[in-house]
Amino acid sequence: MELKVTRWQRYGHDRLYANLPDGTAVGWADVRTGDITVLVDEYRDDVIAVLTHHLREHPKLVLPQASEAEGRPILPPLTPADDLSTNRPGESLRDLLTTSGPGLIERVVSRLLRRPSEWHRWRQGLAGERRVGAELDRLARRGWRVLHSIPLANDVDVDHLLIGPGGVFSINTKHHHNKAVWVGNDAVKVNHGKPAPYARKSRAEAKRVVRVLEHYCGFPVEVEPVLVFVGVTDLKVVATQLSVRVYQERQVAALAPLSGVLTAEQVEQVYSVARHRQAWSRA
């Protein structure tokens, strides 16, 4: 399929559009970042090929003088393999269960002995991430962008990343079915058990996200850590100095009306960086 490439500059955007012979746009590339967005999946390969070729033939488009002066790194054109926007909630856990899950006999023995297993915890975590992911996806109509299961270095991931007019939120999901959760300033207890470092780890995760986004965006990006508990019978937050938002899964809708932190252009810029797998390779 022969596609025609045209340049479009308006409202602060600078894009290269790939169009069908009748003028229908089937994809576009952000001139400043080189990220490619496919609008019609049927033409995915053609869109990526023609826009990648055009960007390479005209490197000054992707590396404008202003960006060079700022010394800000530029990510390569986004390919389907690098596009994290296609990740489903719990993608990392799903892959883990597929590649490293126990065999049938091991699962049966664990159930008969009622012995907790790593496999059971992965399954429970996957269910929790799916439930929270479904709640977050509903915020799209309010101008929010959501990414799931963002892989970081050392085999860890960010469960969900929410980006919108109210800022950026790094969301950590914890599934504790039919259990009571108590949250203090720096400790979380499940059914009055031993303190768990959920809050500390959530803050550390948010800092890693900040480093990545600011590295590529070129402007300050504040990231708020969020803990979301799934399936709990009771959630009691007694902290007075906790710098982490705490919700049950149905309460994440409280983030929807937040605004005034990022402009629409900044939301798109942060999202274009966050969805690129290569941005997180050293996070």
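Position numbers for residues start from 1 in each chain and track the written sequence from start to end. Local features in this predicted model are restricted to residues whose pLDDT is 70 or higher, and side-chain atom pairs enter the listing and the counts only when it is 80 or higher, whereas totals over whole chains, interfaces and linings include all residues. Excluding hydrogens and water, the side-chain figures rest on all heavy atoms present in the structure.

## Here we look at the nonpolar core
Moving on, step 1. Joining through side-chain atoms within 4.5 Å is the link that ties buried Ala, Val, Leu, Ile, Met, Phe, Trp, Tyr and Cys residues into a set, and such a set is a nonpolar core. Between buried and exposed lies partly exposed: a residue is buried under 20% and exposed over 50% of the maximum accessible area for its type, with that area taken using a 1.4 Å probe on protein chains only. Formed by 28 residues in total, the largest nonpolar core has its most connected members in Leu161, Ile163, Val168, Leu213, Val270 and Trp280.
Moving on, step 2. Going along the chain from the N terminus, every DSSP run of H or I of four or more residues is numbered as a helix, and every run of E of two or more is numbered as a strand. Where this core is concerned, the elements lending two or more residues are strand E5 (145-151), strand E6 (157-164), helix H7 (198-217) and helix H8 (264-274).
Moving on, step 3. Contacts are assigned to residue pairs with any non-hydrogen atoms lying within 4.5 Å of each other. Residues within four places of Leu161 in sequence aside, it is in contact with Arg145, Val146, Leu147, Ile150, Val168, Phe169, Ser170, Val209, Ala274 and Trp280.
Moving on, step 4. In this structure, Val132, Leu136, Val146 and Leu255 belong to the second largest nonpolar core, which totals 15 residues.

## Topic: the packing of aromatic side chains
Moving on, step 1. Paired rings are identified among Phe, Tyr and Trp, the last through its six-membered ring, by centres lying within 6.5 Å, and are further divided according to the angle between planes into stacked (under 30 degrees), edge-to-face (over 60) and tilted (the rest). Applying the stated criterion across every chain, the model contains four aromatic pairs.
Moving on, step 2. Here the aromatic rings of Trp8 and Tyr17 are separated by 6.2 Å at their centres, their planes lie at 85°, and the arrangement is edge-to-face.
Moving on, step 3. You can call Tyr17 buried: its relative accessible area is 16%.
Moving on, step 4. Placement of a charge over a ring requires the Lys NZ or Arg CZ to be within 6 Å of the ring centre, with the centre-to-atom vector within 35 degrees of the ring normal. A cation sits over an aromatic face here: Arg15 above Trp28, 3.8 Å from the ring centre.

## Quick word on the sheet that holds strand E8 (residues 180-183)
Moving on, step 1. Across the sheet, which stays open at both edges, the three strands sit in the order E9-E8-E11 with mixed pairing between neighbours. This sheet does not close on itself; its edge strands, each paired only once, are strand E9 (188-190) and strand E11 (234-237). Averaged over all adjacent pairs, the angle separating strand axes in this sheet is 10°, with direction ignored. Only strands joined by at least two bridges in the DSSP assignment are considered to pair. Working convention: axes come from line fits to C-alpha atoms, limited for helices to the stretch in contact. Angles between N-to-C directions cover 0 to 180 degrees.

## What about the packing of H7 against H8?
Moving on, step 1. The geometry of H7 relative to H8 is characterised by a closest axis approach of 10 Å and an angle of 115° between their N-to-C directions. In this view, H7 runs roughly perpendicular relative to H8, as classed from their interaxial angle. Once H7 is placed against H8, the crossing between them reads as right-handed. Counting all contacts with H7, which are made through Val212, Leu213, Tyr216 and Cys217, the residues of H8 involved are Gln269, Val270, Val273 and Ala274.
Moving on, step 2. Grouping the amino acids of the contact of H7 with H8 by side-chain chemistry returns seven nonpolar, one polar and no charged. Just so you know how the angles are binned, under 35 degrees is roughly parallel, over 145 roughly antiparallel, 65 to 115 roughly perpendicular, and the rest oblique. Handedness of each helix crossing follows the sense of rotation of the near helix against the far helix: counterclockwise by less than a right angle gives left-handed, clockwise gives right-handed. For this scheme, ten residues count as nonpolar: Ala, Val, Leu, Ile, Met, Phe, Trp, Tyr, Cys and Pro. Four count as charged, namely Asp, Glu, Lys and Arg, and the remainder, Gly too, count as polar.

## Remarks on the side chain of Ser202
Moving on, step 1. The residue Ser202 is located in helix H7 in this model.
Moving on, step 2. Once residues within four sequence positions are removed from consideration, Ser202 is found in contact with Asn172, Pro225, Val226, Leu227 and Val244.

## What to know about unusual backbone geometry
Moving on, step 1. Unlike most non-glycine residues, Ser149 shows phi in positive territory, near 50°.
Moving on, step 2. Locating Ser149 in the fold gives a position in strand E5.
Moving on, step 3. On the basis of relative accessible area, Ser149 is assigned to the buried category, the value being 1%.
Moving on, step 4. Phi angles above zero are rare outside glycine, and Asn178 is one such case at about 55°.
Moving on, step 5. Mapped onto the elements, Asn178 comes out in the loop between strand E7 (167-175) and E8.

## Looking at the sheet that holds strand E10 (residues 223-230)
Moving on, step 1. Pairing is mixed across the open sheet formed by five strands, whose spatial order is E5-E6-E7-E10-E12. For this open sheet the edge positions go to E5 and strand E12 (245-248), each flanked by a neighbour on one side alone. Direction aside, neighbouring strands of the sheet carry axes that sit 30° apart on average.
Moving on, step 2. Both E10 and E12 contribute to a ladder of four bridges, which runs parallel. Residue pairing for E12: Val226 is matched across the bridge by Arg245.

## Here's the deal with the pattern of salt bridges
Opposite charge on two side chains permits them to pair, given that their charged atoms come into close proximity.
Moving on, step 1. We define a salt bridge as a side-chain nitrogen of Lys or Arg found within 4 Å of a carboxyl oxygen belonging to Asp or Glu. Taken as a whole and assessed by the stated rule, the structure comprises nine salt bridges.
Moving on, step 2. Here Arg250 makes a salt bridge to Glu135, at a shortest N to O gap of 3.3 Å. A residue pair is termed long-range when its members are at least 10 positions apart, and Arg250 in the loop between E12 and H8 and Glu135 in helix H6 (residues 118-137) qualify at 115 residues.
Moving on, step 3. Residue classification places Arg250 among the exposed residues on the basis of a relative accessible area of 63%.
Moving on, step 4. Exposure remark for Glu135: the relative accessible area of 11% places this residue in the buried category.
Moving on, step 5. The partner of Arg145 in a salt bridge is Glu268, and the shortest N-O contact between them spans 2.9 Å. With a gap of 123 residues between them, Arg145 in strand E5 and Glu268 in helix H8 connect regions that are remote in the sequence.
Moving on, step 6. Here Arg145 falls in the partly exposed class, since its relative accessible area comes to 28%.
Moving on, step 7. Here Glu268 falls in the partly exposed class, since its relative accessible area comes to 28%.

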